[in-house]
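An overview of the molecular structure
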Amino acid sequence: SGRRSLAISADLAAGEPVNTVFQRIAEELGPVDVLVNNAGLVAGQGGKPIWDLTDGDWRGGISGILDPAFFCSRAVSKPMCDRGRGKIINISSGLGLRGARDNYMYGCAKGAVVQLTRSLAVSLGRWGVTANCIVPGFFPTEGASASPMSLPSAEFIPVGRVGRPEEIGPLAVWLASSASDYVTGEIFVIDGGGLAGGYAPTGYAPAGKQ
């Protein structure tokens, strides 16, 4: 399409590498108008009782999901506010809105991403910067397949199937566009009705369902 792109490998769970990434972006591509925080860990999360979790498990699980969203948001927020416009889109999870068996770090960190979104929206809105959160249900990925967490099957989702990655994109595009300028601090669940039905993403059916 004639657009320029830039791929940079960095540890997004550490503040200084993140600052370096956005400095390079500014130098080569100009100011950041839209930030989508989609980095995080899924593999290795969940599946252990709390007494088997080490300090390293806890800190690593929280840091791998929450820190990238915080550090990247911090890096772009001042330039966005100085220009009087900007869009921050965080990606959380249905497990950030409800509990799941033997799931601690992932659910807590994704729930914190929801709260980060609200804090950003309330704090940056006066400068024309919006922050919203997309909350996907079950979208099969390599990371999800490698996780020991309990994952729902299509029978537990009201629309009768799991999500397709391309179904998230249009929502992100709308949130990145001027069509959503008066929308901030909102949580957009895209899960085929799983949370509404009460049994996804945990995979456990309501009482009485056979």
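Scroll up a little and you will see the structure.
My aim in this report is to walk through the structure given alongside it, one point at a time.

In this section: helix H1 (residues 15-29). An α-helical segment advances 3.6 residues per turn. Residues three or four places apart therefore align on the same side. For H1, with 15 residues, the first-to-last C-alpha span of 21 Å sits near the 21 Å given by 1.5 Å per residue. Turning to H1, its buried residues are Gly15, Val18, Val21, Phe22 and Ile25. The buried residues of H1 occupy an angular sector of 125° when the element is viewed end-on, so they sit on one face. More than 90 degrees from the buried face of H1, the exposed residues found are Glu16 and Glu27. Once H1 ends, the next one or two residues include Gly30, with phi positive near 100°.

Helix H2 (residues 55-83) packs onto H1 with a crossing angle of 45° between their chain directions and a minimal axis gap of 9 Å. By the angle class used here, H1 and H2 are oblique. In this structure, H1 meets H2 at a crossing whose hand is right-handed. Seen from H1, the contacting residues are Gly15, Val18, Asn19 and Phe22; seen from H2, they are Phe71, Cys72, Arg74, Ala75 and Val76. Along the lines of polarity and charge, the residues of the contact of H1 with H2 split into 6 nonpolar, 2 polar and 1 charged.

With respect to the helices and strands, the residue Thr130 is situated in strand S3 (residues 129-136). Judged by relative accessible area, which is 9%, Thr130 ranks as buried. Apart from residues no more than four positions distant in its own chain, Thr130 is found in contact with Gly86, Lys87, Ile88, Asp181, Val183 and Thr184.

What counts, and at which threshold
- Residues numbered from 1 in each chain as written.
- Predicted model: local features only at pLDDT ≥ 70, side-chain atom pairs only at ≥ 80, totals over all residues.
- Heavy atoms only, no water.
- Helix = DSSP H or I, 4+ residues; strand = E, 2+ residues; numbered from the N terminus.
- Expected span 1.5 Å × (residues − 1).
- Buried < 20%, exposed > 50% of the residue type's maximum accessible area, 1.4 Å probe, protein only.
- Arc of directions from axis to C-beta.
- Axes fitted to C-alpha atoms, helices over the stretch in contact; angles between N-to-C directions.
- Parallel < 35°, antiparallel > 145°, perpendicular 65-115°, else oblique.
- Left-handed = near helix turned anticlockwise from the far one by under 90°.
- Contact = heavy atoms within 4.5 Å.
- Nonpolar A, V, L, I, M, F, W, Y, C, P; charged D, E, K, R; others polar.

Fair warning: the whole summary comes from geometry, so function is off the table for now.
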